[in-house]
Amino acid sequence: MAEFPYRQIHLDFHTSPFINGVGLEFNADEFIATLKNARVNSVTLFARDHHGMAYYPTQVGVFHPELQRDLLGEQIKACHEAGIRAPIYVSVGWDEYAAATHMEWRQVDPRTGRFVGPSPLEPGWRWLCLNTEYRHYVLAQVRELCRMYPIDGFFFDIVMQVEPGCVCNNCIRDMQEMHLDPGNPQHLRYFATYSARHFMRLAKYAVTDANKDATIFFNSRLRISDVPEEGLPGEAEYYTHWEIESLPSGVWGYNHYPLFARYLQTKGKPMIGQKI
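### Thoughts on the environment of Pro110
Next up, step 1: For Pro110, the position within the fold is in the loop between helix 3 (96–101) and helix 4 (134–148).
Next up, step 2: Overall, the relative accessible area of 30% leaves Pro110 in the partly exposed class.
Next up, step 3: Distance from Pro110 to Cys166, taken between C-alpha atoms, is 6.5 Å for residues 56 residues apart in sequence.
Next up, step 4: Leaving out residues up to four positions away in the same chain, Pro110 has contacts with Pro164, Gly165, Val167 and Leu188.

This is the structure we're talking about:
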């Protein structure tokens, strides 16, 4: 793997399909000048967001209806010509388009028997299950991206099953085949971790088959457990590095970043602080 970047930007870009003129005024020269002025040497660029919209001409997923250019491709090209790394962002657990068109892919709450996420008229994100055909849909896009562009790395976001686990038809069937009880919260947690790690393994191979030196990170999984195998040590093999997403608001708080920064310093991989 190449030398790890010192100044990395995570360029959040979740854009509703109802917003007009997305990317219409993108100017590569201005984009690069802004990055250079900030001494940025790596920037995470969006391939697909929480809405399920793609920012490149995909044949697998859904090309953003208001986009009239290969925004991702133009950004990658401009960054590489300027000597800037450009890992690719892929939303995993949240995909509003997939949730609306494939209800059989959604996670089901074992406490209520209902889909996980808001009702149709409420704000929020609907959760997709990593133990359904949805994972193959995401992986097909990952392989497509690896064919279309020179790959520096991937940032996979929202890689998790909700607590304590999903009880969709697929999960119940596969748990029973593994002699696990879907009514047992401990069994649910075990299978949720198993499902997430299975996706991580497949995603890692999809990326490294294209570029063995690519960086790979799975977000939403940083946790500290008194049982090492249940925490990060049990899946560290799938990561090339750690990235800490941490905000003073929301679910994080001011103590989150210093705690995880100190913890991950002991885990033998490069670390990026995504603190805002």
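Read on, since the account is not over.
### Some details on the pairing of strand 7 (residues 215–218)
Next up, step 1: Covered by surrounding structure in strand 7 are Thr215 and Phe217 together with Ile216 and Phe218, the residues of both alternating faces.
Next up, step 2: Pairing between strand 6 (residues 153–157) and strand 7: four bridges, direction parallel. In the strand pairing of strand 7, Phe155 is matched with Phe217.

### A word on the side chain of Glu144
Next up, step 1: Of note, Glu144 is situated in helix 4.
Next up, step 2: Despite being buried, Glu144 has no salt bridge partner; Arg147 is the closest side chain of opposite charge, sitting 5.0 Å away.
Next up, step 3: Side chain to side chain, Glu144 and Thr58 meet in a polar contact 2.7 Å long.
Next up, step 4: Once residues within four sequence positions are removed from consideration, Glu144 is found in contact with Tyr56, Thr58, Gln59 and Val60.

### A short note on the nonpolar core
Soluble, globular proteins show a tendency: their nonpolar side chains are buried together.
Next up, step 1: Counting 68 residues, the largest nonpolar core has Cys79, Val90, Leu145, Phe154, Phe156, Phe199 and Phe218 as its most contacted members.
Next up, step 2: The element that contributes the greatest number of residues to this core is helix 4, accounting for seven residues.
Next up, step 3: With near-sequence residues (within four places) excluded, Leu145 lies in contact with Ala47, Tyr56, Leu72, Ile88, Val90, Ile151 and Phe154.
Next up, step 4: Counting residues in hydrophobic clusters, the runner-up holds 10 residues, among them Val108, Val167, Cys171 and Leu188.

### A look at the pattern of salt bridges
Next up, step 1: In total, this model carries 12 salt bridges according to the counting rule given.
Next up, step 2: In this structure, Arg48 engages Asp95 in a salt bridge whose closest nitrogen and oxygen atoms are separated by 2.1 Å. With a gap of 47 residues between them, Arg48 in strand 2 (residues 42–48) and Asp95 in the loop between strand 5 (88–91) and helix 3 connect regions that are remote in the sequence.
Next up, step 3: Across the salt bridge formed by Glu229 and Arg197, the nearest N and O atoms sit 3.2 Å from each other. You can see Glu229 sitting in the loop between strand 7 and strand 8 (242–246) and its partner Arg197 sitting in helix 6 (residues 185–208), a full 32 residues away along the chain.
Next up, step 4: Using a relative accessible area of 52% as the deciding quantity, one classes Glu229 as exposed.
Next up, step 5: Among the charged side chains, a network of salt bridges with common partners joins Arg197, Arg221, Arg223, Glu229 and Glu235.

### A short note on helix 7 (residues 256–264)
Next up, step 1: Within helix 7, burial applies to His256, Tyr257, Phe260, Ala261, Tyr263 and Leu264. The buried residues of helix 7 all sit within an arc of 165° when viewed along its axis, so they share a single face.

### What about helix 5 (residues 169–177)?
Next up, step 1: Among the residues making up helix 5, those that are buried are Cys171, Asp174 and Met175. Projected down its long axis, helix 5 shows its buried positions confined to an angular sector of 105°, all on one face. The outward face of helix 5, more than 90 degrees from its buried face, is lined by the exposed residues Asn169 and Glu177.
Next up, step 2: Looking at the buried positions of helix 5, the neighbouring elements they touch are helix 6.
Next up, step 3: Residue His179 follows helix 5 closely and has a positive phi angle near 60°.

Conventions and cut-offs
Position numbers for residues start from 1 in each chain and track the written sequence from start to end. Restriction of local features to residues with pLDDT of at least 70 applies here, the model being predicted, together with a cutoff of 80 or more for giving and counting side-chain atom pairs; totals for whole chains, interfaces and linings are based on all residues. As a rule here, side-chain values cover all heavy atoms of the structure and leave hydrogens and water aside. Put simply, DSSP H or I for four residues or longer makes a helix, DSSP E for two residues or longer makes a strand, and each gets a number counted from the N terminus. The classification of residues rests on relative accessible area computed with a 1.4 Å probe and restricted to protein chains. Under 20% of the type maximum is buried, over 50% is exposed, and intermediate values are partly exposed. Only heavy atoms matter for contacts: two residues are in contact if any of them lie within 4.5 Å across the pair. Should DSSP find at least two bridges between two strands, the strands are taken to pair. We treat Lys and Arg as the positive residues and Asp and Glu as the negative residues; His and chain ends play no part in the count. A carboxyl oxygen of Asp or Glu within 4 Å of a side-chain nitrogen of Lys or Arg is what we treat as a salt bridge. Pairs of N or O atoms within 3.5 Å make up the polar contacts considered here, provided that, within protein, one atom can donate a hydrogen while the other can accept it, and that residues adjacent in sequence are counted only when both atoms are side-chain atoms. Put simply, a nonpolar core is a bunch of buried Ala, Val, Leu, Ile, Met, Phe, Trp, Tyr and Cys residues held in one set by side-chain atoms that sit within 4.5 Å of each other. Here, the arc refers to the directions that run from the helix axis to the C-beta atoms.

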